[in-house]
Amino acid sequence: MRNVTVWKIAACAACVAAFAPWSAPSYADDPAPARIARPQSRLPAHKGAIASAYPLASQAGQEMLAAGGNAFDAAVAVSAALAVVEPTSSGLGGGGFYLLHRQADGLETMLDAREKAPGAATRDMYLDPAGNPIARASVAGPLAAGIPGEPAAFDYLARRFGKLTLKESLQPAIRLAREGFPVYPRLQAAIRYKRELLLRSPDAAKVFLTAEGGVPELGAIIKQPDLALTLEAMAAQGAKGFYGGRVAQDLVNGVRAEGGIWTLEDLASYRVIERKPLVGNYHGARIVSSSPPSSGGVALLNALNILAGFDLKQIDSGTRKHLIVEAMRRAFRDRAVYLGDPDFVSMPLALLTGQDYAAGQRSSIRLDKAMPSELLPGIETTPVGLHTTHFSVLDASGNRVAGTLSVNLYFGTGEMVPKTGVLLNNTMDDFSIKPGTPNVFGLVGNAAGNAIAPNKRPLSSMTPSFVETPKGLMIFGTPGGSYIISMVILGTLDYLDGMSAAEIVKDPRYHHQYLPDVIEYEKGALSQSEISRLEAMGHKLEEGSRPWGNMQVITWDFASGKVEAAADPRGEGEGLIY
Ligand code: DON
């Protein structure tokens, strides 16, 4: 085993060059891989595939593919169906990111459908006059809700990329909202957990609770007639059916009646923004991932660049996990320090995702010792559920979509705006409400990057991604708040280690997010000897009490044409091949 003798910290670009040369293991000496041959020149997939967090949503997508639609039509149908049948996790009142690949011309783009702060939002809106955070202000009530982006994404996807009309792609969701769907265990558990919150919103209580305000039985049918009407308004008028007219007026009335600050102008001016995805290389694999205001792609590429300098296959598993954790620590630290909405802050993205910077960070990693986060110059400082959702689609032509969507916490704020069926998100909590004050995911941010400003989009951890090698590709992502980034790093490594889709979604996970300075892990993620080894290196470890994530993976093997779709066994999703 090699010992590294430089312990300094790569705190900034200028520091990088100052480090003593890294005595690199073999991989670092490899020439940087040339751009990976993109698979569009290859044969189309034999089959299409959909993996989503709930079978009815996967089936909605399949219905579009069977009707002659493409992956983008299926993405609309899956997202809209998830908004109905998985209201804990995403919905018309929320937002997200869609990573797209169009096979015909190789176009790669990301739809940023992230919520934006209302025009009347202010930097200190969740602080009291003394400048202290007001408890729960950024997660409870309509002040916590950003202007939704998901409905605009449906319209954009259908118009710009689909073969079917929005009206056609929304039909399964309209049907599910009107005719209802049966309560399933995870939904029932979420309703039980959030019952008090749902009781405070008469419309939400009417939909999700029994007439007596109780938790519905498994199999009870949940109908959402108002949501069906809102979806129908969109089917008839496109985005205007949500951001204008009757629905917009009802949304603004409902939000303002409860003390919110939305305006008609906030809704009318909402736009999906197409952004260039981030692209990187890792040992010959081409990684395509989300760009800011998602922090996920930056962190993923940065962590992989750091790891590229180690030969992970040649070292013992305890050291391997130590190195992955040290890469996570550094990537998360930069998330807190640098990142935000690219329309508001300038970020050194090329530097943060570049090899030189990673080499500097790598030189601060010892093979035998944890680096306490407090030694990383940065800033000062709850666990995860299955809120938020991810789905992956591959159609038979090779078009692909990785979509991660959210209302933030279970049912968002829990408030359903009267007459609309729309649950309000509480995504404003993803802003840094005060420098150094952690959000619900324990994430910290500094003043500049992720402070609240009117019309600004809060930084996200959602990381829809593609991994391509000369042999095949993977389309994937997961919910899980800050844990998303670690899960995507581990999922990438798993795929490149040759795991199948089913193995990747099942693999136990571990996580480090810089602050708090602790490795959290799922039961079974670390063996007893790995735990002892990591503790001996100075890591603090904590076994999580719950499983994390709900990863949806599609893989395509170019040589055999074999396509696999796997849903995380932690949820009740379904991977379909058609
Ligand atoms: O955008 C984000 O990073 C968060 N709003 C995602 C929340 C989430 O994944 C919750 N899931 N457990």
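As the structure is a computational prediction, the values presented were derived from the model and not from experiment. (Residues numbered from 1 in each chain as written. Predicted model: local features only at pLDDT ≥ 70, side-chain atom pairs only at ≥ 80, totals over all residues. Heavy atoms only, no water.)

A. Geometry of the layout of surface pockets. Of the voids in this model, the largest pocket is the one considered here, and its volume is about 510 Å³. Surrounding the largest pocket, 24 residues form its lining, Thr 469, Tyr 495, Leu 496, Asp 497 and Gly 498 being those nearest its centre. Those elements that place two or more of their residues in the lining of the largest pocket are helix H19 (483-496) and strand S18 (552-557). Of the residues assigned to the lining of the largest pocket, the class counts are ten nonpolar, seven polar and seven charged. (1 Å grid on protein atoms, 1.4 Å probe; cavity = no way out; pocket = protein on both sides within 12 Å on 5 of 7 lines; lining within 4 Å. Points joined across faces, edges and corners; volume = space filled by probe spheres on them. Helix = DSSP H or I, 4+ residues; strand = E, 2+ residues; numbered from the N terminus. Nonpolar A, V, L, I, M, F, W, Y, C, P; charged D, E, K, R; others polar.)

B. Just the side chain of Asp 517, in detail. Among the structural elements, Asp 517 can be located in the loop between strand S15 (510-511) and strand S16 (519-521). Note on Asp 517: relative accessible area 18%, which makes it buried. There is a polar contact of 2.5 Å between the side chain of Asp 517 and the backbone nitrogen of Ser 373. A distance of 2.9 Å separates polar atoms of two side chains, one belonging to Asp 517 and the other to His 512. Apart from the residues lying within four places of it in its own chain, the contact partners of Asp 517 are Arg 329, Met 371, Pro 372, Ser 373, Glu 374, His 512 and Lys 540. (Buried < 20%, exposed > 50% of the residue type's maximum accessible area, 1.4 Å probe, protein only. Polar contact = N/O pair within 3.5 Å; in protein donor to acceptor, adjacent residues only side chain to side chain. Contact = heavy atoms within 4.5 Å.)

C. Inspection of the sheet that holds strand S1 (residues 49-52) at higher detail. Judged by pairing direction, the sheet is antiparallel, and its seven strands sit side by side in the order S6-S3-S2-S10-S9-S1-S20 without closing on themselves. Of all strands in the sheet, those with a lone pairing partner are strand S6 (273-275) and strand S20 (574-577), marking the two edges. Between one strand axis and the next, the sheet turns by 15 degrees as a mean value, whatever way the strands run. One ladder, built from seven bridges, connects strand S2 (residues 95-102) with strand S10 (residues 400-406); its direction is antiparallel. (Pairing = 2+ DSSP bridges. Axes fitted to C-alpha atoms, helices over the stretch in contact; angles between N-to-C directions.)

D. Just the packing of helix H4 (residues 71-85) against helix H6 (residues 166-179), in detail. At a closest axis distance of 8 Å, the pairing of H4 and H6 adopts a crossing angle of 20 degrees. Taken as axis vectors, H4 and H6 run roughly parallel relative to one another. Handedness of the crossing formed by H4 with H6: right-handed. Contacts between H4 and H6 pair Asp 73, Val 76, Ala 77, Ala 80, Ala 81, Val 84 and Val 85 from the former with Leu 166, Ser 169, Leu 170, Ala 173, Leu 176 and Ala 177 from the latter. When the residues that make up the contact of H4 with H6 are grouped by side-chain class, the tally is eleven nonpolar, one polar and one charged. (Parallel < 35°, antiparallel > 145°, perpendicular 65-115°, else oblique. Left-handed = near helix turned anticlockwise from the far one by under 90°.)

E. A look at the sheet that holds strand S7 (residues 278-282). The antiparallel open sheet is built from six strands, whose spatial order is S7-S8-S13-S14-S18-S19. In this open sheet, the two edge strands, each paired with only one partner strand, are S7 and strand S19 (563-567). On average, adjacent strands in this sheet sit at an angle of 15 degrees to one another, irrespective of strand direction. Sheet topology note: the strand S14 (residues 472-477)/S18 ladder contains six bridges and is antiparallel. Directly across from Phe 476, in S18, lies its bridge partner Val 553. Against the sheet, helix H14 (residues 296-307) touches S7, strand S8 (285-289) and strand S13 (465-468), its axis set at about 20 degrees to S7.

F. Here's a closer look at the pattern of salt bridges. Using the criterion set out here, one finds 33 salt bridges in the structure. In this structure, Arg 533 and Asp 316 form a salt bridge, with 3.2 Å as the shortest nitrogen-oxygen distance. According to the relative accessible area criterion, Arg 533 is partly exposed, its value standing at 29%. Asp 316 sits in the partly exposed class, given a relative accessible area of 32%. In this structure, Arg 570 engages Asp 568 in a salt bridge whose closest nitrogen and oxygen atoms are separated by 2.7 Å. On the basis of relative accessible area, Arg 570 is assigned to the buried category, the value being 18%. Residue Asp 568 is classed as buried on the basis of its relative accessible area, which comes to 1%. Salt bridges sharing common partners tie together Asp 112, Arg 275, Asp 341, Asp 343 and Arg 457. (Salt bridge = Lys/Arg side-chain N within 4 Å of Asp/Glu carboxyl O.)

G. Local environment of the packing of aromatic side chains. If you walk through the whole model with that rule in mind, you get ten aromatic pairs. Ring centres of Tyr 193 and Tyr 410 lie 6.1 Å apart, and the angle between their planes is 80 degrees; this geometry places the pair in the edge-to-face category. Look at Tyr 410 and you get buried, because its relative accessible area is 10%. (Phe/Tyr/Trp six-rings, centres within 6.5 Å; stacked < 30°, edge-to-face > 60°.)

H. Structural detail: the pairing of S1. Every second residue of S1 is oriented toward a common face, with Ala 49 and Ala 51 on one face and Ile 50 and Ser 52 on the other, all of them buried. Note: S1 against strand S9 (residues 389-394), three bridges, orientation antiparallel. Within the sheet, the bridge partner assigned to Ala 49 lies in S9 and is Leu 394.

I. Highlighting the nonpolar core. Counting residues in each nonpolar core, the largest one holds 86 residues, and the members touching the most others are Tyr 282, Ile 287, Leu 307, Leu 493, Tyr 510, Val 553 and Ile 554. Per element, the largest residue contribution to this core is nine residues, and it comes from H19. Residue contacts for Tyr 510: discarding those within four places in its chain leaves Lys 321, Ile 324, Val 325, Met 328, Ser 486, Leu 490, Ile 519, Glu 520, Tyr 521, Ala 525, Leu 526 and Trp 548. If you look at the next biggest cluster of nonpolar residues, it comprises 82 residues, including Ala 57, Val 76, Val 84 and Leu 423. (Core = buried A, V, L, I, M, F, W, Y, C linked by side-chain atoms within 4.5 Å.)

J. Structural context of unusual backbone geometry. Residue Pro 293 is reached from Pro 292 by a cis peptide bond, and omega for that bond is 15 degrees. Relative to the helices and strands, Pro 293 is located in the loop between S8 and H14. The phi dihedral of Asn 408 is positive, around 80 degrees, even though this residue is not glycine. Positionally, Asn 408 belongs in the loop between S10 and strand S11 (416-417). Its identity as a non-glycine residue notwithstanding, Phe 411 has a phi of 60 degrees, on the positive side. On the accessibility criterion, Phe 411 (1% relative accessible area) is buried.

Worth remembering: the numbers are spatial, not functional.
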